[in-house]
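Each chain, letter by letter, is given below.
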Amino acid sequence: MKIIGPFKQVVTLADLPLRGSLKDEQLEIIENAGILIESCKIVKVDNFETLRKEFPNVTLEETEGEQIAMPAFTDCHTHICFAGNRANDFSMRNAGKTYLEIAESGGGIWSSVKHTREATEEELHKTLCTRIDDLVRQGITTIEIKSGYGLKLDCELKMLRAINHAKEKTPAKLIPTCLAAHMKPKDFNGDSEEYLNYVLEYVLPVVQEEHLAERVDIFIEKSAFQPEESKAFLERAKAMGFEITVHADQFTPGSSRVAVECGAKSADHLEATSDEDIDYLAKSNTVAVALPGASIGLGDSFAPARKILDAGGILAIATDWNPGSAPMGKLVTQASILATFQKLSTAEVLAGITFRSAYALGFEDRGVLSEGKRADMVCYKTDNYQNVLYRQGALEPCAVYIKGEKY
Ligand SMILES: [Zn+2]
């Protein structure tokens, strides 16, 4: 057992609903608090002096200066296992070049596929570990990571092995997802339905056999896979025992509906979701994941987070960190910007990057600082928790704890 403290404030996020809008008055903020931890879990958050009196013989891990603490974050949607660099895509896009012109000049997603195919597993693993370290230092202790730049059996496996290998190198919780259905690769001999069958028959069985991922994702979009074939794919993946998630409604509407119909754990992107589909999604148990980093990277509109919350949906926010459309990889910055454009309360943003995003990955044991929850916390040198979002990411954590241990 140990007590960490004192903290000027601890924002516990306790007793908040999983879905719907939140007001800041609903936040539990314990002033002059201490946090009691035993075997990786929170035992109690209470007034520091009260805790010290109640548990006088417990080790004290004293904080330096004025600090606040809150639950550590979950990034439930990333593509951080990749090789190569797409800075030229960014320049070309901003200079008005089309998707096709960028692809013809050697950019676009195919460039990430080429570089990732050429990289060794060790090279992928190394850059991946650097990006994981970057995320953990931001206070993110649960990270989802997708494959999807291999697009053929050996390279999809190479990516997933690199991700699984990284589990040994970090105390953060990593959740691999197989996104072999990112797009039909240029060099595949057949149509998109045949490619999806190839993924089902040749890729997913090995992924399952080698325990490389328990989740399957698909990109449903005009330029990738169509709703009908995707639905059949998702149903078969689900029947194999995979949890499913969908890249939905990024540029054209219609696919979040497929995600809900298939019982997907989450529908991610949603920049183009229609009002009717927002309602349908919000009434389901599928988590709506907003990815402001992609909107910022592409200069597109943001997901209708306000409407989703008002309709009673479960809203999570993630970085979508990827080399093409969302290269920034800063969760708090992106979530704060989403808040200004979508008029989200601080409580809604914090819920969206903690217990609600953890729920999108199937976890209910984290993202809240209350009894029995995982002792993953992020601390900032400030006297007011509001400064975290107010500074839009410029205020960086002074400490990150994973299972009660300082990172
Ligand atoms: Zn994505």
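Residues numbered from 1 in each chain as written. Predicted model: local features only at pLDDT ≥ 70, side-chain atom pairs only at ≥ 80, totals over all residues. Heavy atoms only, no water.

*Asks:* Explain unusual backbone geometry here, please?
*Replies:* Excluding glycine, residues mostly carry a negative phi; peptide bonds, for their part, are mostly trans. Between Gly5 and Pro6 the backbone carries a cis peptide bond, its omega angle lying at -5 degrees. The phi angle at Ser39 is positive, at roughly 35 degrees, despite the residue not being glycine. Within the secondary structure, Ser39 is located in the loop between β2 (29–38) and β3 (41–47). In this model, Lys403 sits at a positive phi of 50 degrees, which is unusual for a non-glycine residue. Among the structural elements, Lys403 can be located in the loop between β15 (399–402) and β16 (405–406). (Helix = DSSP H or I, 4+ residues; strand = E, 2+ residues; numbered from the N terminus.)

*Asks:* What should I look at first to understand the side chain of Thr142 in this one?
*Replies:* Tracing the sequence through the fold places Thr142 in strand β7 (residues 140–146). With a relative accessible area of 0%, Thr142 lands in the buried category. Within the structure, Thr142 has its side chain in polar contact with the side chain of Arg366 (distance 3.0 Å). Sequence-distant contacts of Thr142, that is, excluding residues within four places in its chain, are made with Phe73, Thr74, Asp75, Lys173, Leu361, Phe363 and Arg366. (Buried < 20%, exposed > 50% of the residue type's maximum accessible area, 1.4 Å probe, protein only. Polar contact = N/O pair within 3.5 Å; in protein donor to acceptor, adjacent residues only side chain to side chain. Contact = heavy atoms within 4.5 Å.)

*Asks:* Whenever I open this one, the coordination of the zinc ion confuses me. Can you help?
*Replies:* Perfect tetrahedral coordination of a metal by four donors corresponds to 109.5 degrees between them, and perfect octahedral coordination by six donors corresponds to 90 or 180 degrees. Note on the zinc ion: its protein donors are His77 (NE2), His79 (NE2), His247 (NE2) and Asp320 (OD). The metal-donor distances range over 2.1 to 2.4 Å. Viewed at the metal, the 4 donor atoms of the zinc ion are separated by angles of 85 to 169 degrees, and the geometry they form is irregular. Every donor residue of the zinc ion comes from the same chain, spaced as H-x1-H-x167-H-x72-D. Of this pair, His77 sits in the loop between β6 (73–75) and α2 (87–94) while Asp320 sits in the loop between β13 (315–317) and α13 (331–342), and the two are 243 residues apart along the sequence. Of the residues examined, His77 reaches a relative accessible area of 0% and is grouped as buried. Residue Asp320 is classed as buried on the basis of its relative accessible area, which comes to 2%. (Donors = N, O, S within 2.8 Å, 3.2 Å for Na, K, Ca; no water. Tetrahedral: all angles 85-135°; square planar, octahedral: opposite > 155°, others 65-115°.)

*Asks:* Please explain helix α7 (residues 192–209) as it appears in this structure.
*Replies:* Each turn of an α-helix holds 3.6 residues, which means side chains three or four residues apart point in the same direction. For α7, spanning 18 residues, the distance from its first C-alpha to its last is 25 Å, which sits close to the expected 26 Å at 1.5 Å a residue. Along α7, the sharpest change in direction is near 35 degrees and occurs at Val203; proline Pro205 comes one to four residues later. Those residues of α7 that fall on the buried side of the exposure criterion are Ser192, Tyr195, Leu196, Tyr198, Val199, Leu200, Val203, Leu204 and Val207. Where α7 is buried, its residues meet α6 (153–166), β8 (173–181), β9 (215–219) and α8 (227–239). A distance of 3.3 Å separates the backbone nitrogen of Glu193 from a side-chain oxygen at the start of α7, and that oxygen is part of Asp191. One or two steps after α7, the chain reaches His211, where phi turns positive at roughly 50 degrees. (Expected span 1.5 Å × (residues − 1). Bend = angle between axes of the 7 residues up to and from the residue.)

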